Amino acid sequence: MTDRYAVFGNPVRHSRSPDIHHAFAAQTGDDLVYERIEAPLDGFAEAVAGFFDSGGRGANVTVPFKEQAFALCDRLTERARQAGAVNTLWREQGELHGDNTDGPGLVADLRDNLGWPLAGQRLLILGAGGAVRGVLGPLLAERPADVVIGNRTLDKARALAERFGGAAIAVRGCALEQVQGRFDVVINAVSAGLHGEMPALPPGLIAPGAHAYDMVYGAQATPFMIWARQQGAGEIRDGLGMLVEQAAQAYRIWRGRRPHTGPVLSALRSPSR
Ligand code: ATR
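Numbering of residues begins from 1 in every chain and follows the order in which that chain's sequence is written. Where totals are concerned, whole chains, interfaces and linings use all residues; where local detail is concerned, this predicted model gives features only for residues with pLDDT of at least 70, and gives and counts side-chain atom pairs only at 80 or more. Hydrogens and waters are ignored; side-chain quantities use all the structure's heavy atoms.

Undergrad: Please set out the domain arrangement of the protein chain residue by residue, giving values where relevant.
TA: Here the protein chain is described as being made up of domain 1 (3-100 + 241-269) and domain 2 (103-238). What marks off one domain from the next here is an automatic or database domain assignment. For domain 1 and domain 2, the distance between their C-alpha centroids amounts to 25 Å. A contact between two residues is defined here by any heavy atoms of the two lying within 4.5 Å. Taken together, the contact between domain 1 and domain 2 spans 18 residues of the former and 18 residues of the latter. Buried area counts how much accessible surface, traced with a 1.4 Å probe, disappears from two parts once they are put together, with both parts' losses summed. The contact between domain 1 and domain 2 buries some 1300 Å² in all, and 50% of this surface belongs to carbon and sulfur atoms. For salt bridges, the criterion is a side-chain nitrogen of Lys or Arg within 4 Å of an Asp or Glu carboxyl oxygen. Connecting domain 1 to domain 2 are two salt bridges.

Undergrad: An account of the packing of helix 1 (residues 17-28) against helix 10 (residues 262-269) is needed here, citing residue identities and associated values.
TA: Look at helix 1 against helix 10: their axes get within 10 Å of each other, and the N-to-C directions meet at 135°. By the angle between their axes, helix 1 is oblique relative to helix 10. Here helix 1 and helix 10 pass one another in a crossing that is right-handed. Every residue of helix 10 that contacts helix 1 at Asp-19, Ile-20, Ala-23, Phe-24 and Gln-27 is listed here: Pro-263, Val-264 and Leu-268. Structural elements are reduced to axes, namely lines fitted to C-alpha atoms, with helices fitted over the stretch in contact, and the angle between N-to-C directions of any two is expressed from 0 to 180 degrees. Here a strand is any run of E in DSSP of at least two residues, a helix any run of H or I of at least four, and the numbering for each starts at the N terminus. Roughly parallel refers to an angle under 35 degrees, roughly antiparallel to one over 145, roughly perpendicular to one between 65 and 115, and oblique to any angle outside these ranges. We call a crossing left-handed when the near helix sits turned anticlockwise from the far one by less than a right angle, and right-handed when that turn is clockwise.

Undergrad: Please set out the nonpolar core residue by residue, giving values where relevant.
TA: Here the nonpolar core consists of buried residues drawn from Ala, Val, Leu, Ile, Met, Phe, Trp, Tyr and Cys, with membership extended through side-chain atoms lying within 4.5 Å. The classification of residues rests on relative accessible area computed with a 1.4 Å probe and restricted to protein chains. Under 20% of the type maximum is buried, over 50% is exposed, and intermediate values are partly exposed. Core analysis: the biggest nonpolar cluster contains 27 residues, and Leu-106, Leu-139 and Ile-187 have the highest contact counts within it. Mapped by element, the contributors of at least two residues to this core are helix 5 (102-113), strand 7 (122-126), helix 6 (130-141), strand 8 (146-151), helix 7 (154-164) and strand 10 (183-188). Here the element with the most residues in this core is helix 6; it accounts for five residues. Filtering out sequence-adjacent residues up to four positions away, Leu-106 remains in contact with Val-135, Leu-139, Ile-187, Tyr-213, Met-215 and Met-242.

Undergrad: Describe the side chain of Asp-184, naming the residues involved and giving the relevant values.
TA: The residue Asp-184 is located in strand 10 in this model. Asp-184 gets classed as buried once you look at its relative accessible area, which sits at 15%. Counted as a polar contact is a pair of N or O atoms within 3.5 Å, where, for protein atoms, one must be capable of donating a hydrogen and the other of accepting one, and residues adjacent in sequence contribute only when both atoms are in side chains. Within polar-contact distance, the side chain of Asp-184 engages the side chain of Arg-122 at 2.6 Å. Setting aside its immediate chain neighbours within four residues, Asp-184 contacts Gln-121, Arg-122, Ala-207, Ala-210 and His-211.

Undergrad: Could you give me a rundown of the site of the ligand, with the residues and numbers involved?
TA: The cutoff for a nearby residue is simple: one of its non-hydrogen atoms must lie within 4 Å of the molecule or strand. Near the ligand there are 13 residues, and of these Gly-130, Ala-131, Asn-151, Thr-153 and Lys-156 occur at the shortest range. Within the backbone of Ala-128, a nitrogen or oxygen atom sits 2.9 Å from an oxygen atom of the ligand. One of the side-chain N or O atoms of Arg-152 is found 2.9 Å from an oxygen atom in the ligand. Only the protein chains shown count as covering a residue, and every accessible area follows the Shrake-Rupley method with a 1.4 Å probe. For the ligand, the accessible surface in isolation is 640 Å², of which the surrounding protein chains cover 69%. The residue makeup of the shell around the ligand, split by class, is five nonpolar, six polar and two charged. Basically, the charged four are Asp, Glu, Lys and Arg, the nonpolar ten are Ala, Val, Leu, Ile, Met, Phe, Trp, Tyr, Cys and Pro, and anything else, Gly included, counts as polar.

Undergrad: An account of unusual backbone geometry is requested, with residue identities and associated values reported.
TA: Look at the link from Asn-10 to Pro-11: it is a cis peptide, with omega at 0°. With respect to the helices and strands, Pro-11 occurs in the loop between strand 1 (3-9) and helix 1. Of note, the bond from Val-63 into Pro-64 is cis; its omega dihedral lies within 30 degrees of zero at 5°. Inspection of the secondary structure puts Pro-64 in the loop between strand 3 (58-61) and helix 3 (66-72). Even without a glycine there, the phi angle at Gln-93 is positive, about 45°. Relative to the helices and strands, Gln-93 resides in the loop between strand 5 (88-92) and strand 6 (95-99).

Undergrad: A description of the sheet that holds strand 1 should follow, citing residues and the corresponding values.
TA: Each pair of strands is called paired provided DSSP finds at least two bridges between the two strands. Strand order across the open sheet formed by six strands is 2-1-3-5-6-4, with mixed pairing between neighbours. A single partner strand is all that each edge strand has here, and the edge strands are strand 2 (32-38) and strand 4 (75-76). Seen against the sheet, helix 1 touches strand 1, strand 2 and strand 3 and runs at an angle of roughly 170° to strand 2. Sheet contacts for helix 2 (residues 44-53): strand 1, strand 2, strand 3, strand 5 and strand 6; angle to strand 1, the most-contacted strand, approximately 175°.

Here it is in structure tokens:
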């Protein structure tokens, strides 16, 4: 029987997860279907229960349901607990399990695909929402020299810095317009970057040749990517690689095999699609 998977979100029609998982299945020779399910904003728990009750094998969760998915789970991995959010679900012996593969996906893209070092680097993260909470633990595990979280709402940046900072690595929260320093790696997770404008930031934050990464992706360069270029960043990338890597990690959880991500990422980027 064909195994069923799905991504839950609202909206979800633009999700590229089905393409990615179908490409993985073609590679591994697995028989599966992966669909998009737009759960009602007040009906996520029911939609998930219905999916697994009817034989669904695994699910991904995207905006705005990752925190609700976290709350629903009977069992959580350590990194999901740390993130306070879940993007990968499966059921075992009647219990709902949750993991968060966003952080490992981001780190795999930065470190393994792009070859950007994180250890010993000065890291600036823009934004302090769910996306940042989901990736901070795995980023810190790479041992950057220090981390600044810049956010429009100072309290949220400070709360995250307090939650994740420790004796080993200093994590500081700041208001966006007060960020100071020169950073080797800048990661954007301000969701306004998707369609709006870049929030105002002081000049001179990007060290010459530094790396800039936008966790969102799109057909064109995002406002953050344009800003990073103007500020002198060396390499600048969007978040498509992170999307493919987090999917590969979910695939391995569900099916015990880790697909090759390189060909899938190249196919998604190719202009013929
Ligand atoms: P996500 O899951 O994408 O992180 P979120 O939790 O709603 O979504 O967080 C959105 C992030 O984008 C927050 O850091 C938010 O800043 P605030 O914490 O101050 O709300 C940021 N953001 C959204 N719109 C913004 C804007 N116009 N200017 C600056 N920051 C913005």
